[in-house]
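Analysis of the macromolecular model
For reference, the chains in residue letters:
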Amino acid sequence: PEERRRRVAPLAAAPPAEAGEDSLLRGIFEIGKRSCDVVLSARRLRWSPILPESPTGDSSMVLQAQEEIIEMKDIFSVKLKRRRFVGQKKGGTLLGITIFKCLNKEENKLTDCAIHLNNLSEDHCHSWFRHLKEILNGFQNRPKSLKVFVNPSSHKREATYVYYEQVAPLFKLADIKTDVTVTEYEGHALSVLKECELQAFDGVVCVGGDGSVSEVAHGLLLKAQIDAGKDTDYVSMPVRAPVPLGVIPAGTTNILAHTLYGIKHAVTATLHIIMGHIQPVDVCTFSTPSKLLRFGFSAMFGFGARTLALAEKHRWMPSNQRKDFAFIKTLADLKPEECELSFLPLRIPQEDSRENDGITLLYLGSKDQWHKIEGHFLNVSIMAIPCLCSMAPRGLAPNTRLNDGSMALIVVQNTSRTEFIKHLKRYASVKNQFSFPFVETYTVQEVKVQPRLKSGPDAKENKYLNAASAEENYPWNIDGDLMKEASEVHVRVHPQLIYLYGVNTDDLESYQATCNCI
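Basis of the calculations
- Residues numbered from 1 in each chain as written.
- Predicted model: local features only at pLDDT ≥ 70, side-chain atom pairs only at ≥ 80, totals over all residues.
- Heavy atoms only, no water.
- Helix = DSSP H or I, 4+ residues; strand = E, 2+ residues; numbered from the N terminus.
- Buried < 20%, exposed > 50% of the residue type's maximum accessible area, 1.4 Å probe, protein only.
- Phe/Tyr/Trp six-rings, centres within 6.5 Å; stacked < 30°, edge-to-face > 60°.
- Lys NZ or Arg CZ within 6 Å of the ring centre and 35° of its normal.
- Contact = heavy atoms within 4.5 Å.
- Polar contact = N/O pair within 3.5 Å; in protein donor to acceptor, adjacent residues only side chain to side chain.
- Core = buried A, V, L, I, M, F, W, Y, C linked by side-chain atoms within 4.5 Å.
- Axes fitted to C-alpha atoms, helices over the stretch in contact; angles between N-to-C directions.
- Nonpolar A, V, L, I, M, F, W, Y, C, P; charged D, E, K, R; others polar.
- Expected span 1.5 Å × (residues − 1).
- Arc of directions from axis to C-beta.
- pLDDT = per-residue confidence, 0-100.
- Salt bridge = Lys/Arg side-chain N within 4 Å of Asp/Glu carboxyl O.
- Pairing = 2+ DSSP bridges.

**Examining the environment of G209**
Within the secondary structure layout, G209 lies in the loop between strand 10 (203–208) and helix 6 (210–227). Given the relative accessible area of 9%, G209 is considered buried. Sequence separation between G209 and T253 is 44 residues; the distance between their C-alpha atoms is 7.2 Å.

**Observations regarding the packing of aromatic side chains**
Each aromatic ring pair is summarised here by two numbers: the centre-to-centre distance and the angle between the ring planes. Under the definition given, this model contains 11 aromatic pairs. Ring pairing ties together the aromatic residues Y163, Y164 and F171, which thus form one cluster. Of note, K448 hangs over the ring of W370, and the distance from its end group to the ring centre comes to 4.8 Å.

**Comments concerning unusual backbone geometry**
Of note, D175 is a non-glycine position whose phi angle comes to about 60 degrees, a positive value. Counting through the fold element by element, D175 comes out in the loop between helix 4 (159–173) and strand 9 (177–182). Residues other than glycine seldom take positive phi values, yet N254 does so here, at roughly 55 degrees. For N254, the position within the fold is in the loop between strand 11 (245–249) and helix 7 (255–261). According to the relative accessible area criterion, N254 is buried, its value standing at 2%.

**Points about the environment of E215**
Tracing the chain through its elements places E215 in helix 6. Judged by its relative accessible area of 14%, E215 is buried. Linking E215 and L190, residues 25 residues apart in sequence, is a C-alpha distance of 6.4 Å. Apart from residues lying up to four places away in sequence, E215 is in contact with E186, G187, H188, A189, L190 and R294. Here the side chain of E215 touches A189 through a polar contact of 3.1 Å, landing on its backbone nitrogen.

**A closer look at the nonpolar core**
The biggest cluster of nonpolar side chains holds 83 residues, and the ones touching the most others in it are F76, V207, L245, I248, F297 and I498. With residues near it in sequence (within four places) discarded, F297 still touches A217, L256, V281, D282, V283, C284, M383, A384, I385, D479, I498 and L500. Residues I373, I382, A384 and V489 belong to the second largest nonpolar core, which totals 26 residues.

**Brief notes about the packing of helix 10 (residues 319–332) against helix 11 (residues 417–426)**
For the pair helix 10 and helix 11, interaxial distance at closest approach is 11 Å and the crossing angle is 145 degrees. Across from F327, L331 and A332 in helix 10, the residues of helix 11 making contact are R417, F420, I421 and L424. By residue class, the composition of the contact of helix 10 with helix 11 is 6 nonpolar, no polar and 1 charged.

**Points about the side chain of S287**
Inspection of the secondary structure puts S287 in strand 12 (residues 278–287). With residues near it in sequence (within four places) discarded, S287 still touches L292, L293, E488, V489 and H490.

**As for helix 10**
Look at helix 10: 20 Å from first C-alpha to last across 14 residues, which is about the 20 Å you get at 1.5 Å a residue. Looking at helix 10, one finds that the buried residues are S319, R322, A326, T330 and L331. Looking down the long axis of helix 10, one finds its buried residues gathered within 155 degrees of arc, a one-sided arrangement. Of the surrounding elements, those touching the buried residues of helix 10 are helix 9 (303–312) and helix 11.

**Examining the confidence of the model for the protein chain**
Per-residue pLDDT for the protein chain averages 84, and the proportion of residues at 70 or more is 82%. Below pLDDT 50 for its whole length, residues 508–518 participates in 26 contacts with residues either more than four positions away or in separate chains.

**Overview of the pattern of salt bridges**
Taken as a whole and assessed by the stated rule, the structure comprises 16 salt bridges. We note a salt bridge from E67 to R46, for which the minimum N-O separation is 3.1 Å. Residue E67 is found in the loop between helix 2 (60–63) and strand 4 (68–71), and its partner R46 is found in strand 3 (residues 44–49); the two are separated by 21 residues along the sequence. On the accessibility criterion, R46 (3% relative accessible area) is buried. Here K133 makes a salt bridge to D175, at a shortest N to O gap of 3.0 Å. On the criterion of sequence distance, the pair formed by K133 in helix 3 (residues 122–137) and D175 in the loop between helix 4 and strand 9 is long-range, its members being 42 residues apart. Given the relative accessible area of 22%, K133 is considered partly exposed. Look at the salt bridges and you will find they share partners, linking K79, K133 and D175 into a network.

**Topic: the pairing of strand 8 (residues 145–150)**
Within strand 8, 6 of the 6 residues are buried, which leaves the element mostly enclosed by the surrounding structure. Every second residue of strand 8 is oriented toward a common face, with S145, K147 and F149 on one face and L146, V148 and V150 on the other, all of them buried. The pairing of strand 8 with strand 9 spans 6 bridges and is classified as parallel. Note on strand 9: the bridge partner recorded for S145 is K177. One ladder, built from 5 bridges, connects strand 8 with strand 10; its direction is parallel.

Below, the structure is given as structure tokens:
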């Protein structure tokens, strides 16, 4: 009717688009109980309410309608919305389209939200649905198929619940196919990965704590060496893992999850995986003179390792009690390790200003310029990543990065228990935890750790102890996983050897700034 045509604003022109941005579709949908003019381009979905004209014919009211925009890169799923009766699984009355968006919240947290575009036209909705799906399918790095490992024994045995209640529904919503293995024993994931045809998957996901993630990362990289025909007993130049690794935190400390996402939050980790946010990460190899022990991201020798070894002997205790008991008991029996440390400092690139046509890389020091320290050490940390956690918000190694090709070597010399506790407490603050005379830090490429048996006047008294140490080997804490070794351990860093799903914590602030919230 003529009266209705006067009341409704015309759709003669679409909302203005940026230069070079072509509109693919334009139509009318009801969004939030308001009729909206909706425009789709390859980069954005934009809409603005259709407002009635003023009685005087003044069109300025139309310009007051606030346009809302969603970046297509923030959308992870689109579904046809239908009304179904109880028990009806297929068909139903078409109501429109639902778009699922990744929404950035406070404290690095991500969540999902749904936007409903209502329209009863079958042809209209199917056309929009096809175009939206084509755009989403064009985004790189977004997985379509994942191999998932769930450790049901991690922390408070919550990994199974976390996966099936929080993670799996989002994977299903994003149309990601999954092949799930619930691990039954230590080394189960490693055994499966050695026989797994990884080309059938776009990524591997681990739901568990630091130890579980360490096993899966090691298995993923070991499988890469096997497929490349490498000798897995000695790997001097390992090949990169063929698919990215996703970490869903379900453990106690969750260092890798904190380092990747800035928070322990299963939904945030899941959405980073779905959105295909990947980050290259440095990896270490831990070897003896005769064989490769494992791949890993960080390690501790001394206090950190002996605490883990004691905790593993008390597996019957609840997780938090076990770790608190082991920490206090090891601290009460605080003893240094006598060993020899050899390390190769990082070669630092410099720009030669004499070269006008490019950059010449100069390296400080010879590649064979090894440094050596001998003595009694309470703890030795070797870390290729910052190792953030709730107890160390700046990280156990705040001066390193995920992918700068270096390791942090942190050496704590023998000191009193009181001073050592002061050092440990400093990790929880923003102050420099290394500003103690007994703490030394180095940026290195390689480290060799050679334990020494006790010598001197107390050697006879410690004869039985030394024999026991040699028999049981020395404990190492590698990514929260216990390893024992008697001989020298050689640690090398390999730049960007694996891709992990997640956002580099160095880039979290810039990432938050680019996330659009509606």
